[in-house]
Amino acid sequence: MASFHLPHLLLFLCICPFTSNANLQKINSILKSSLIQEPTTASHTHFNDTPPTTFFEVTKPIRVPKTQPCEHLVLQHDFGYTYGKPPVLAHYTPPSNCPSQHFSKIVLEWNATCKGRQFDRIFGVWLGGVELLRSCTAEPIATGIVWSVKKDITRYSSLLVKDEIQTLAVYLGNLVDSTYTGIYHVNITVYFYPSEEKSNSYPLYNVGNSEIGDGYDSKADLIIPISRNLPLNDGLWFEIKNENDSKMKEFKIPRNVYRAVLEVYVSFHQNDEFWYGNLPNEYIDANHLDGTPGNGPFREVVVNLDGEVVGAIWPFTVVYTGGVNPLLWRPISGIGSFDLPSYDIEITPFLGTMLDDKTHEISFSVTNALNVWYIDANLHLWLDHKSMKTEGKTLSHKSMPPVVSLESDFHGLDGTFLTNVSRFICSSGWVKSSYGNVTTHFSQNFDYVNSMVMGNDGNLQIIDQVIHFNDWVYSKMPYSNAHSMKSFKKFHLYLNTNYLDQGNDTSLSVSNITLGFNEKKHAGGAPTSGISSLTNLQNGQGVMVVKNNLVISGIGRTQQAYKFDDDDFCYSRIVSSSNYTVLYDKVGTMCNKRMQSRLNFGLSRL
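Residues numbered from 1 in each chain as written. Predicted model: local features only at pLDDT ≥ 70, side-chain atom pairs only at ≥ 80, totals over all residues. Heavy atoms only, no water.

Undergrad: I keep staring at the pairing of strand E9 (residues 145–152) and nothing clicks. Help me out?
TA: On any regular strand, side chains alternate: one points to one face of the sheet, the next to the other face. Of the two faces of E9, the one holding Ile145, Trp147, Val149 and Lys151 is buried and the one holding Val146, Ser148, Lys150 and Asp152 is not buried anywhere. Here strand E3 (residues 53–54) runs beside E9; their pairing, made up of two bridges, is parallel. Within E9, the residue paired with threonine 53 across the bridge is isoleucine 145. Where strand E6 (residues 103–114) meets E9, eight bridges bridge the pair, whose relative direction is antiparallel. For tryptophan 110, the partnering residue across the bridge sits in E9 and is valine 149. (Buried < 20%, exposed > 50% of the residue type's maximum accessible area, 1.4 Å probe, protein only. Helix = DSSP H or I, 4+ residues; strand = E, 2+ residues; numbered from the N terminus. Pairing = 2+ DSSP bridges.)

Undergrad: Teacher, can you tell me more about the state of the cysteines here?
TA: Across all of its chains, the model carries one disulfide by this definition. One disulfide bridge connects cysteine 70 with cysteine 98, the sulfur atoms lying 2.0 Å from each other. One end of the pair, cysteine 70, is in strand E4 (residues 70–79); the other, cysteine 98, is in the loop between strand E5 (88–92) and E6, with 28 residues separating them in the sequence. Exposure remark for cysteine 70: the relative accessible area of 7% places this residue in the buried category. (Disulfide = S-S within 2.5 Å.)

Undergrad: Explanation requested: the pairing of strand E10 (residues 166–172) in the structure shown.
TA: Across the seven residues that make up E10, a large majority, six, are buried. Examined bridge by bridge, E5 and E10 share five bridges and lie antiparallel to one another. Across the sheet, the residue bridging to leucine 89 is alanine 169, located in E10. Pairing analysis gives five bridges linking strand E7 (residues 122–127) to E10, with the strands arranged antiparallel. The residue bridging valine 125 from the neighbouring strand is valine 170, located in E10.

Undergrad: Sorry, what's going on with the sheet that holds E4 here?
TA: Backbone-to-backbone hydrogen bonds pair the strands of a sheet. The strands run either parallel or antiparallel. Read across the sheet, five strands follow the order E3-E9-E6-E11-E4 without closing on themselves; strand pairing throughout is mixed. A single partner strand is all that each edge strand has here, and the edge strands are E3 and E4.

Undergrad: Is there a simple way to explain the packing of aromatic side chains in this structure?
TA: What describes a pair of aromatic rings is the distance from one ring centre to the other and the angle between the planes of the rings. If you walk through the whole model with that rule in mind, you get 32 aromatic pairs. Note on tryptophan 275 and tyrosine 276: the rings are 5.5 Å apart at their centroids and 70 degrees apart in plane angle, and the pair reads as edge-to-face. A relative accessible area of 1% places tyrosine 276 in the buried class. Geometry around phenylalanine 564 places lysine 60 over its ring, the cationic atom sitting 4.6 Å from the centre. Just above the ring of tryptophan 382 sits the side chain of arginine 259; from NZ or CZ to the centre is 4.6 Å. (Phe/Tyr/Trp six-rings, centres within 6.5 Å; stacked < 30°, edge-to-face > 60°. Lys NZ or Arg CZ within 6 Å of the ring centre and 35° of its normal.)

Undergrad: Would you mind showing me how to read the environment of glycine 334 here?
TA: The residue glycine 334 is located in the loop between strand E17 (308–313) and strand E18 (342–346) in this model. Distance in space between the C-alpha atoms of glycine 334 and glutamine 560 is 9.7 Å, their sequence separation being 226 residues. If we skip the residues at most four places from it in the chain, glycine 334 touches Glu57, Val319, Trp329 and Gln538. (Contact = heavy atoms within 4.5 Å.)

Undergrad: Sorry if this is basic, but what is going on with the sheet that holds strand E14 (residues 247–251) here?
TA: A sheet is described by the order of its strands in space; here four strands give the open sequence E14-E19-E16-E17, paired in antiparallel fashion. Sheet topology places E14 and E17 at the edges, where each strand pairs with a single neighbour. Put simply, the sheet's adjacent strands are angled 20 degrees from each other on average, direction ignored. Inspection of the sheet shows strand E16 (residues 300–305) paired to strand E19 (residues 360–367) by six bridges, in the antiparallel sense. Bridge pairing in E19 places valine 302 opposite serine 365. (Axes fitted to C-alpha atoms, helices over the stretch in contact; angles between N-to-C directions.)

Shown next as structure tokens:
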């Protein structure tokens, strides 16, 4: 067995005893009620002399033009006593030092440092109520950490260059006291990259002058926030607290819209942070596990427009930086933890009902939800500037409830559970514009399987879950090629956690995890024709030694293989770490057989 006497040893002092026999929730209970401290043998002088550790999430670099960007610092703030308080606000205007107003790329960069002890904290960045970034903080250490998040926010161009004062809001709820001492020192900068050359066809961005033909390559002309209004405490997201809870927002759109896409942000917390490991209620009731999160392992976010289901989201299982075993995510963070994914729902087929100059409602609910889910959305709208009014009609719409199958076999605390769910949603409609009728079809196809094993008197939990989340948008316009976008997504989670009694009031908490995020996209119709592929696989192995409810030592090892390619860009990275130390890190940008062979070798090693 590996030695646990490590240079960067962490000590966890458990304040509360375990409260549940369900293993994943047991581990979560000790981690969420623990303080994190450095070895007592280290001196303050050593801490002060040690440079901060850089944490990172593996992802592809953002491709930017060769032009010199305009750098715009929009917020600098220290987040300390902010939990349950209003978001930090700042006035935002576009950069005044940019010679160009035509930007082909806009990038947000979050830079943060922290030193001491602190939990992982969810945070969000909004501009004019439109969410630009949702993320999780890294968990600090006494010698300090630093991390950054770069996100392509070009799709929000119309908002970012609006020539008026807007409100930037950032919520990072944090507590500082004698135990939890970490303060997050944050800089947020936006980089505006001028276009390398002007193009008369298919502009990447053109304020107030978009054309119908650009709608599937250009950015939206208008973005309406579907979020809570200021002033308030906490974030601008809606809180979904149970399966019967629903939150809604009224909105009204201009009368000359020809395309509409709803971008939805989702994150899950507290009793549903590990929803994929929640057990059926019959198991919890039979074993008298009061206080153990239940409702089974299936969740879906349901989006309604004026009371009718228009789309759903079966989310990727993001593991935050304090989840399962925090040592797994130091310095390599979990997939999606620093830049949580958002999900697009094409609602263009329903424009016919919204182009009446009246108020409408978008609402959210979560199937089987427990407290709490944070959800909001951005409504992206494309305008026909050659027409004062467009009109449309929904041609067809089908949304049946999910088809659910549950097989359960347990005796006492041990047993097996198999959950299968499928769903299909589709819609079509037309919009009459100055360019003629635009007919749009949208469909979503979902398949879900979760296999769960409970053993070792409920101390062993094995979860094997796969989600297939596919969607397709097809649009046909007169006198032009049809545009289509197909996305095939596979989310895989394997988690094996065990709590092993070693005698003498000592136990081992053992965790093995596999996270996979795969997506293939196919875009048809000029100028966006192309195929892209993303494979992102992460494995982790962690052990914590627990004595008298005190985690006295631990180790976490993580390996990751990332590969992205499209018609003109390739990027791969294979990296592994063990307790703060990067053991192997190889980056490739060449699309050739040698690099593919190297990546396959890296995947086989995982």
